[in-house]
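Survey of secondary and tertiary structure
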Amino acid sequence: MARFTLPRDLYHGKGALEALKSFEGRKAMICVGGGSMKRFGFLDRAKQYLEEAGMEVQLFEGIEPDPSVETVMKGAEAMAAFEPDWIIAMGGGSPIDAAKAMWIKYEYPDITFEDMCKVFGIPKLRKKAQFCAISSTSGTATEVTAFSIITDYQKGVKYPIADFEITPDVAIVDPDLAETMPQKLVAHTGMDAMTHAVEAYVSTANCDFTDPLALHAIKMIQSDLVASYNGDMTRRASMHNAQCLAGMAFSNALLGIVHSMAHKTGAAFADHGAHIIHGAANAMYLPKVIAYNAKDETAKKRYGEIADFMKLGGGTPEEKVELLIAYLRKMNDDLNIPHCIKNYGADSYPAEQGFVPEEVFLQRLPEIAANALLDACTGSNPRQPDQEEMEKLLKCCYYDTEVDF
Ligand SMILES: NC(=O)c1ccc[n+]([C@@H]2O[C@H](COP(=O)([O-])OP(=O)(O)OC[C@H]3O[C@@H](n4cnc5c(N)ncnc54)[C@H](O)[C@@H]3O)[C@@H](O)[C@H]2O)c1
Ligand SMILES: [Zn+2]
């Protein structure tokens, strides 16, 4: 038996934020990040709509990008003091993911972070509060997913919490919020969404319910991401929906080792000033992982189906895989994303000399590879690498060399 879970309600289209006016409850806690939602007026509007709905509102502000375990614990304490029956998380993947983890701790004050990380091991929520997620970036789709990514900075490792219990009750997908994204954020989050859709389509947990969502998302991202990056707001609105469709697919079909590697490299070089941004990591690793996975016959066939759906041409399955890889690399070029960690430079732009020194990378490689193998996303990858293969793959991602194994 398999399960397919999505939020009960999804409000979408321009002005969808107003849906908050129809919420029923006593107290709402709004969780936001560092200031973009406040700066652009969305926080005030959300607060006002909830007050119009008769609720007392409290804010939990300042959730950092790639939120830490400490932030989660602090937020849960604030929730315990205020006792909301609605948690409204607004912003990019970071504040929404943090709020999901705070929600677990609020409902179960004795739960430890280690317990939260047990895949599909979260106890029943919704005894204290319901959860609404309002996304302001076009990539993670955490507004519809069963995931939350929290970073343990002591270990330098990102941990996915995965359980349908944390799939939000309500998602609001309002393109107005995505309009203010700076270009770089559009690029990174957009390639994150592309990776979600491609990994979901070839995942061993794919099914009839997830395939159409993944394929349609891929087609929309192919059509709209670069134009959105270049400032076309109609295409940006379309990207906001596309990433959400990709999220519906991967929340139910799961992901693969592009994400395992992104999770385990993301914070591994933070001490060298290199925070490898999630979407940029995915964009660099996806072409390499496709080449690796395509040695598996089923995966090769499914990559071919993606290439056909994108109308990339090619006669044989091998040619189709090649064309898909070339297309994704061209997207990285168009979006100013480097092809490998070695060239991951300041502001995450391509550079001759990146942030991550070769000797540091090689020294940490065995541990990063071991952590990536243990990541929750590895199990559903179409090909199961061993330690040696994972190290080789990560090296290809560092040097931008060909995957021939
Ligand atoms: N839960 C999931 O299913 C899932 C999936 C993929 C990634 N993730 C996680 O999500 C996090 C990344 O989230 P993200 O890429 O959405 O970015 P983010 O939430 O980390 O935000 C990045 C920056 O963009 C700013 N920002 C956000 N929206 C903006 C807007 N509309 N206008 C201007 N600035 C804006 C934020 O203030 C922040 O400084 C990572 O921790 C990643 O691991 C989660
Ligand atoms: Zn992702």
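Residue numbers run consecutively from 1 along every chain, following the written order of its sequence. Chains carry letters from A onward and ligands carry numbers from 1 onward, assigned in written order. Per-residue local features are limited, in this predicted model, to residues with pLDDT of at least 70; the limit for side-chain atom pairs, both in listing and counting, is 80 or more; totals at the level of whole chains, interfaces and linings are taken over all residues.

As a further point, take the domain arrangement of the protein. Assigned domains of the protein: these are domain 1 (9-178) and domain 2 (183-399). On a C-alpha basis, the centres of domain 1 and domain 2 stand 25 Å from each other. Working definition of a contact: two residues with C-beta atoms, positioned from the backbone, lying within 7 Å. In this assembly, 25 residues from domain 1 lie in contact with 29 residues from domain 2. Elements with a contribution of two residues or more to the side of domain 1 that touches domain 2: strand S6 (147-152) and strand S7 (157-162). Where each domain starts and ends comes from a domain assignment, either automatic or drawn from a database. Secondary structure counts use DSSP, requiring at least four H or I residues in a row for a helix and at least two E residues in a row for a strand, with both numbered from the N terminus.

Within an α-helix, residues lying three or four positions from one another point in the same direction, as the helix has 3.6 residues per turn. What a helix is expected to span follows from its residue count: subtract one and scale by 1.5 Å. Its 13 residues give helix H11 (residues 297-309) an end-to-end C-alpha distance of 18 Å, which sits within 8% of 18 Å, the value for a rise of 1.5 Å per residue. Partly exposed residues are those falling between the two cut-offs: more than 12 but fewer than 20 other C-beta atoms within 10 Å of their own, whereas 20 or more means buried and 12 or fewer means exposed, with C-beta atoms placed from the backbone. When we look at burial in H11, the residues that qualify are Ala299, Lys300, Arg302, Tyr303, Gly304, Ile306 and Ala307. Check the buried side of H11 and you find it contacts helix H6 (183-202), helix H7 (211-229), helix H10 (278-293) and helix H12 (317-334). Lys311 occupies a position one or two residues after H11 and carries a positive phi of about 60°.

Turning next to the site of ligand 1. Near, as applied to residues and a molecule or strand, means the residue's backbone-placed C-beta atom lies within 6 Å of it. Around ligand 1, the structure places 29 residues, and the nearest of them are Gly92, Gly93, Ser94, Thr137 and Thr142. For the shell around ligand 1, the secondary structure elements donating two or more residues are helix H4 (93-107), S6, H6 and H10. Gly falls in the polar group here, along with every residue not listed as nonpolar (Ala, Val, Leu, Ile, Met, Phe, Trp, Tyr, Cys, Pro) or charged (Asp, Glu, Lys, Arg). In terms of residue class, the shell around ligand 1 is made up of seven nonpolar, 18 polar and four charged. Domain assignment of the residues forming the shell around ligand 1 places at least three in each of domain 1 (9-178) and domain 2 (183-399).

Looking now at the sheet that holds strand S1 (residues 9-12). Read across the sheet, six strands follow the order S1-S8-S5-S4-S2-S3 without closing on themselves; strand pairing throughout is parallel. Single-partner strands in this sheet number two, and they are S1 and strand S3 (56-60). On average, adjacent strands in this sheet sit at an angle of 15° to one another, irrespective of strand direction. Relative to strand S8 (residues 170-173), strand S5 (residues 130-135) is paired through three bridges, and the arrangement is parallel. Bridging across to S8, Cys132 finds its partner in Val170. Helix axes are fitted to C-alpha atoms over the stretch in contact, other axes to C-alpha atoms as well, and angles between N-to-C directions run from 0 to 180 degrees. Against the sheet, helix H2 (residues 42-52) touches strand S2 (27-31), S3 and strand S4 (86-91), its axis set at about 160° to S4. Here the rule is simple: two strands pair whenever DSSP picks up at least two bridges between them.

What follows is about the nonpolar core. Here, a nonpolar core denotes buried Ala, Val, Leu, Ile, Met, Phe, Trp, Tyr and Cys residues that are linked to one another through C-beta atoms within 7 Å. If you look at the biggest cluster of nonpolar residues, it comprises 135 residues, and the most contacted ones within it are Cys31, Ile88, Ala197, Ala217, Ala246 and Ala249. The element best represented in this core is H6, accounting for eleven residues. Not counting the four nearest positions on each side in its chain, Cys31 is found in contact with Phe60, Ile63, Gly75, Ile87, Ala89, Pro95, Ala98, Ala99 and Met102.

Next up on the list: the environment of Ile172. Looking at where Ile172 falls in the secondary structure, it is placed in strand S8. C-beta crowding within 10 Å serves as the criterion here: with 24 such atoms nearby, Ile172 is assigned to the buried category. With near-sequence residues (within four places) excluded, Ile172 lies in contact with Tyr11, Ala16, Leu17, Ala19, Cys132 and Ile134.

Any two packed helices are characterised by the angle at which their axes cross and by the distance between the axes. Relative to each other, H11 and H12 sit at 60°, their axes nearing to 8 Å. By the angle class used here, H11 and H12 are oblique. Between H11 and H12 lies a crossing of left-handed hand. Counted together, Lys300, Lys301, Tyr303, Gly304, Ile306, Ala307 and Asp308 of H11 and Pro317, Lys320, Val321, Leu323 and Leu324 of H12 form the full contact between these two elements. Any angle from 65 to 115 degrees is called roughly perpendicular, while one under 35 is roughly parallel, one over 145 is roughly antiparallel, and all others are oblique. In a left-handed crossing the near helix is turned counterclockwise from the far helix by less than a right angle, and in a right-handed crossing that turn is clockwise.

This brings us to the environment of Glu318. Along the chain, the position of Glu318 falls in helix H12. Spatially, the C-alpha atom of Glu318 lies 41 Å from that of Pro95, the residues being 223 residues apart in sequence.

Positive phi values are uncommon outside glycine, yet Arg126 reaches one of about 75°. With respect to the helices and strands, Arg126 occurs in the loop between helix H5 (113-116) and S5. If you check the backbone angles, Leu254 has positive phi at about 65° while not being a glycine. Checked against the element boundaries, Leu254 lands in the loop between helix H8 (233-253) and helix H9 (257-266).

Moving on: the environment of His240. Along the chain, the position of His240 falls in helix H8. For His240, a count of 29 C-beta atoms within 10 Å puts it in the buried group. Between the C-alpha atom of His240 and that of Lys105, which follows or precedes it by 135 residues, the distance is 30 Å. The contact partners of His240, leaving out residues within four places of it in the chain, are Ser138, Val173, Pro175 and Ala178.

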